[in-house]
Amino acid sequence: MLGVSNISKSFGGLRAVSDVNFEVEKSNIHSIIGPNGAGKTTLFNLITGAIPPETGQVKFDQIDITSWTPERLTKLGLVRTFQRTSVFKKLTVLENVSLAIRSRENIGFTAWQPKWREQVVQDEAAEFLSTVGLAGREYVTAAQLAHGLQRALDIAIGLALKPRLILMDEPLAGMSKGDRETIGSLILGLRESMGLTFVVVEHDVGMVMRLSDRITVMQQGAVIADGPPDEIRDNEAVRRAYLKGDFAG
Ligand SMILES: Nc1ncnc2c1ncn2[C@@H]1O[C@H](COP(=O)(O)OP(=O)(O)O)[C@@H](O)[C@H]1O
Ligand SMILES: [Mg+2]
């Protein structure tokens, strides 16, 4: 579904991403891991058009999407959620998702919206909230949600854009063990129920091993291993890349 070939990007003399190749299959959870500074976020920025690559190509469903704008990619079904949550804290949970639906449908904010249309948007928003386990919390502000539930809201906002593939940069960062479990189960559930494809950068190697169908390991800008979790766990180069050997998970 997603194909990255020979993609590279330097900052000054530093090869942040160096001739990277990998492929993501439909309905897979595909993780990108590697030590800090390995180039994972830069790789995401290259895939999502945030920065242009120096060499290489990105394909989505056979379409060359290299350097497309995020807006255009969203319309095609490739959506990125952010490490820093993209939620509007002062708005209600329902309003947050309604906003995403409005942006998808290019519905403006004039005071003269027909009432029925507002209702259709809100009904759809409520469905996405129910999908991520936020039914019953529509009318609290996002700020009132616990950290883990704010991430669930972030995912509902992503779903409202009708994605086929979701890219997530460290979705579990800064979360309690319980919240990590909740979000991990949510990602697995969405893959099962909607056939969604996920590309996830994540530091929690234990969770990565449990969630992923396939893992690409980066170090110093390059791919050093690519395969299913069992293979990655036993890979010597990968173990060396993680100095503390925290691959027990
Ligand atoms: N905009 C930038 N300007 C200069 N150097 C950058 C920039 N973005 C990232 N880098 C460098 O590129 C390397 C890879 O960074 P990054 O992609 O953020 O790694 P990761 O997400 O794997 O921790 C790092 O050495 C980082 O300092
Ligand atoms: Mg990063």
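Residues numbered from 1 in each chain as written. Chains lettered and ligands numbered in written order. Predicted model: local features only at pLDDT ≥ 70, side-chain atom pairs only at ≥ 80, totals over all residues. Heavy atoms only, no water.

**Digging into the overall build of the protein**
1) Next: The helix and strand inventory of the protein stands at 9 helices and 10 strands.
2) Next: When its C-alpha atoms are laid out on the principal axes, the protein stretches across 60 × 40 × 30 Å.
3) Next: Out of the 249 residues in the protein, the part that is buried amounts to 49%.
4) Next: Considering only contacts within the protein whose residues lie at least 6 apart along the sequence, 66% involve residues at least 24 apart.
5) Next: About 11900 Å² of surface is accessible on the protein, with carbon and sulfur atoms providing 52% of the total.
6) Next: On the protein, the mean spot of the 28 positive side-chain charges and the mean spot of the 29 negative ones are 4 Å from each other. (Helix = DSSP H or I, 4+ residues; strand = E, 2+ residues; numbered from the N terminus. Buried < 20%, exposed > 50% of the residue type's maximum accessible area, 1.4 Å probe, protein only. Contact = heavy atoms within 4.5 Å. Areas by Shrake-Rupley, 256 points an atom, 1.4 Å probe, with all protein chains shown as cover. Lys, Arg positive; Asp, Glu negative; His and termini not counted. Charge placed at Lys NZ, Arg CZ, Asp CG, Glu CD.)

**Overview of the domain arrangement of the protein**
1) Next: On domain assignment, one finds that the protein holds domain 1 (1-77 + 163-249) and domain 2 (89-162).
2) Next: On a C-alpha basis, the centres of domain 1 and domain 2 stand 27 Å from each other.
3) Next: Contact residues are listed per partner, giving 19 residues for domain 1 and 12 residues for domain 2.
4) Next: Summing both sides of the interface, domain 1 and domain 2 together bury roughly 1100 Å²; the carbon and sulfur share of this comes to 72%.
5) Next: Along the contact surface separating domain 1 from domain 2 lie 0 salt bridges.
6) Next: The interface formed by domain 1 and domain 2 includes 2 residue pairs in polar contact (both at pLDDT 80 or more).
7) Next: Where the side of domain 1 that touches domain 2 is concerned, the elements lending two or more residues are α2 (70-76), β7 (165-169) and α6 (177-194).
8) Next: The greatest single-element share of the side of domain 1 that touches domain 2, amounting to 5 residues, is contributed by α6. (Domains from an automatic or database assignment. Buried area = accessible area lost by both parts, 1.4 Å probe. Salt bridge = Lys/Arg side-chain N within 4 Å of Asp/Glu carboxyl O. Polar contact = N/O pair within 3.5 Å; in protein donor to acceptor, adjacent residues only side chain to side chain.)

**Remarks on the sheet that holds strand β2 (residues 14-24)**
Sheets are built from strands paired through backbone hydrogen bonds, the pairs being either parallel or antiparallel.
1) Next: A sheet is described by the order of its strands in space; here 4 strands give the open sequence β2-β1-β4-β5, paired in antiparallel fashion. Every interior strand has two partners, whereas the edge strands, β2 and β5 (63-64), have only one.
2) Next: Of the strand pairs in this sheet, strand β1 (residues 2-11) and strand β4 (residues 55-60) are connected by 5 bridges, and their pairing is antiparallel. Residue Gly-3 lies in a different strand from β4, and its bridge partner there is Lys-59.
3) Next: Helix α1 (residues 40-47) contacts β1, β2 and β4 of the sheet and is inclined by roughly 115 degrees relative to β1. (Pairing = 2+ DSSP bridges. Axes fitted to C-alpha atoms, helices over the stretch in contact; angles between N-to-C directions.)

**Quick look at the site of ligand 1**
1) Next: For ligand 1, the full set of nearby residues is Phe-11, Leu-14, Ala-16, Pro-35, Asn-36, Gly-37, Ala-38, Gly-39, Lys-40, Thr-41 and Thr-42.
2) Next: One of the side-chain N or O atoms of Lys-40 is found 2.7 Å from an oxygen atom in ligand 1.
3) Next: The protein chains hide 57% of the 570 Å² of surface that ligand 1 would expose on its own.
4) Next: Each residue belonging to the shell around ligand 1 can be placed in one class, and the counts come to 5 nonpolar, 5 polar and 1 charged. (Near = heavy atom within 4 Å. Nonpolar A, V, L, I, M, F, W, Y, C, P; charged D, E, K, R; others polar.)

**As for the nonpolar core**
1) Next: Counting 38 residues, the largest nonpolar core has Val-97, Leu-153 and Phe-198 as its most contacted members.
2) Next: Mapped onto this core, the elements with two or more residues apiece are α3 (93-105), α4 (115-131), α5 (147-160), β7, α6, β8 (197-201) and α7 (205-211).
3) Next: Looking at this core element by element, the count peaks at 7 residues for α5.
4) Next: Looking at this core, you find at least three residues from each of domain 1 (1-77 + 163-249) and domain 2 (89-162).
5) Next: For Phe-198, the contacting residues outside a window of four places in its chain are Asn-28, Ile-29, His-30, Ile-166, Met-168, Ile-187, Leu-190 and Arg-191.
6) Next: Residues Val-4, Phe-44, Ile-47 and Met-218 belong to the second largest nonpolar core, which totals 26 residues. (Core = buried A, V, L, I, M, F, W, Y, C linked by side-chain atoms within 4.5 Å.)

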